[in-house]
Structures are given as C-alpha cells and as structure tokens.
Amino acid sequence: MTVRHLLNIVDLSVDELALIGDLSDRSIDDLGRPLAGGGVALIFEKPSNRTRQSMEMAVVQLGGHPIYTRGEEVGLDARESVEDVIQILEGYHAMVAARVFSHGVVERMAALSTVPVINMLSDWSHPLQALADVRTMRHEFGALSGRAVAWVGDYNNVARSLGEVCVMSGMSVRFACPDGFQPSTAECDRLSQLGPGDVASTDDPAEAVAGANAIHTDTWVSMGQEEEVEKRHKIFDTYSVTDALMSLAADDAIFMHCLPAYRGYEVAASVIDGPASRVIRQGHDRMHAARGALAFLGGVR
Ligand code: CP
Ligand code: NVA
C-alpha cells in the first residue's frame, strides 16, 4: 500500500478532508489507540508554541510517544543529509513531522519515507493550521458551502493552505493583498479548480471583506523574513484589520488569526481581543484537528 503523507491540504481528497473533520470530532476513546507503541518524531527548524504542543498532545491522545528535536540538533543537510535522517527515523517511528524553512525538505523526506511525513509549516504551506481553521468555521457556521472568507495581508504559507481548504469546502475565498504579495493568476486558477468554492483576488481590503463571514489575517513578517521587517511594515501599512474594516463584513462575521499576532500591525487590539475574535478557539482547535489528521494517517476510518 502506498504510504500517505500530509505536506499540503491538496494531498487529501474532498472526502478525506471531511473524514478528518469527522475524526477530529470523535472522542479520544472512540478513536482507539492507533499509535500505541509507536513514536512520532517532531523536528522544528523554527520556533513554535501551538504546533508543538498540539501535536505532542494529539500523539499522546492516540497512544503514541512524541519526540521533539530542534532542527539545529538534527542538522538537516548540515550534520547529515535529509535523506539519511529520514531513513533512520522511519526505522524508529510510526510517523515523522517537520517544521522547515524550505518546503523541499519535507518533499525530500516524503519521497523516501516508508512512514507518513507531516508538514508542520514550511515556506509554502501550513496544512495543520488550515485543518484547524476549517474546524473553527464549521463549528461557528455549520455548513461552510456558500460562506465567504476574506484574507487580508500577505499571500503566505497560511493563506495558501487556507485557500485550498476553503475551496475544497465550497467557500468563496477573497484575497486582499498588496501588489507583489498577491496570489498569481495561475495560483488563483489552481485554487479554484480544487473544489466547489471560488476565488477572487484584489488589492482592496474593503472589497474583499464586504459581506464576508470570516476575516483572516496573519503576520506581515513570517519566520525567516525578519530582515524585511521595515520594508514589509511600509508595504502592508493599509492592510490592518481594524474595527472599521470589520464593520464592512457580515453582521455575524468572525475574526481569525493563526497566531502569533502583532497587535497594532496586521490587526487592531480591539478586533483580536474583541467579541468577533475566535483566535483562542482556533488555537485550541489545532489539537483536535491534529488528532484527526494523525488518526487518518494512522489508518482510522
Ligand atoms: N499557528 C502556529 O503554527 O503557531 P506556532 O508557530 O506557535 O506553532
Ligand atoms: N506565516 C507565519 C505563520 C506562523 C504560524 C510564519 O510562517 O511565520
């Protein structure tokens, strides 16, 4: 049987995405202990709060043993090659998960690995975040088909995975990003072909947010882009999610952010700490979504 990996949301079919949603809603007892006696290696080349904690807890809840290692300690392509690392780890572990600077690293792991490889954030995508985001919105709105999501800011790793999951879930996705930081026309076409939802792109936050049900944003400066902080703060200056922007959304609209957040930059404190914000629930959903994904990769149906 071909081993399944989770590098991107598009590694899943629409039906499998729904199945992971169902698995994430099931009780821990009902899922059994699919990882009993097995380990999951968690390698982090970048800092993390939510991803590490939620993955470790999800592994424990499924009966497995997580082993966290910092990227510097493993030394991917420095101390030894990615290929040597994965071939060793697959002999110890039921699954291998990695947070990496370059998406190519998790692709090289998956190309060789006999156990599932999970992307815990790369420069390209953040699928575990998207699984949690869609869970938070499903619990807020019920059926997602026909609901509209606005993304305000940088078309980054989180935006790409969110776009994929939302189109596959039948939502309308509207990106509002400054020139040079927008999804390309080819990328919008790719996204729109993934499922029943649709995609639009603009440089105008007000246009994207008008009537939308969920407003998402993320930091203007992702991990690894720290040298661009001044340049990015200038470019993104008019892309803050403020109360004025939120007032253009649907009456019951919610605000979402993967965190960590920078108040006063991509979002006003009054929005992220206000009644429309679901960011804490969204953060908690990371653990349930991770458990659903791990159970799926562990063969639970
Ligand atoms: N949202 C997210 O991935 O958070 P961490 O970087 O803290 O894991
Ligand atoms: N886009 C951000 C997400 C952090 C969870 C980053 O890559 O740093």
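This text follows the structure it describes.
Residues numbered from 1 in each chain as written. Chains lettered and ligands numbered in written order. Predicted model: local features only at pLDDT ≥ 70, side-chain atom pairs only at ≥ 80, totals over all residues. Heavy atoms only, no water.

Trainee: I tried to follow helix H8 (residues 157-168) on my own but got confused; where do I start?
Mentor: Note that an α-helix has 3.6 residues per turn; residues three or four places apart therefore point the same way. Taking 1.5 Å as the rise per residue, H8 with 12 residues should run 16 Å; its terminal C-alpha atoms sit 17 Å apart, in good agreement. Counting buried residues in H8 gives 12 out of 12 residues, a clear majority hidden from the surface. Buried within H8 we find Asn157, Val158, Ala159, Arg160, Ser161, Leu162, Gly163, Glu164, Val165, Cys166, Val167 and Met168. At the N-terminal boundary of H8, the capping side chain belongs to Asn156, with an oxygen 3.1 Å from the backbone nitrogen of Val158. Directly after H8, the chain includes Gly170, whose backbone phi takes a positive value near 85°. (Helix = DSSP H or I, 4+ residues; strand = E, 2+ residues; numbered from the N terminus. Expected span 1.5 Å × (residues − 1). Buried < 20%, exposed > 50% of the residue type's maximum accessible area, 1.4 Å probe, protein only. Polar contact = N/O pair within 3.5 Å; in protein donor to acceptor, adjacent residues only side chain to side chain.)

Trainee: Explain the site of ligand 2 to me, please; I cannot follow it from the model alone.
Mentor: The immediate surroundings of ligand 2 are formed by Leu121, Asn156, Asn157, Val158, Asp218, Thr219, Ser222, Met223 and Leu259. Here a nitrogen atom of ligand 2 and a side-chain polar atom of Ser222 are 2.7 Å apart. Looking at the shell around ligand 2 residue by residue, the class counts come to four nonpolar, four polar and one charged. (Near = heavy atom within 4 Å. Nonpolar A, V, L, I, M, F, W, Y, C, P; charged D, E, K, R; others polar.)

Trainee: Looking at this model, I keep getting lost on helix H5 (residues 82-92). Mind explaining?
Mentor: Of all the positions in H5, only Val82, Val85, Ile86, Leu89 and Glu90 are classed as buried. What you see down the axis of H5 is that its buried residues fit within an arc of 125°, all on one side. Its buried side turned inward, H5 meets strand E1 (39-44), helix H4 (71-74), strand E3 (95-99), helix H6 (103-112) and strand E4 (117-119). (Arc of directions from axis to C-beta. Contact = heavy atoms within 4.5 Å.)

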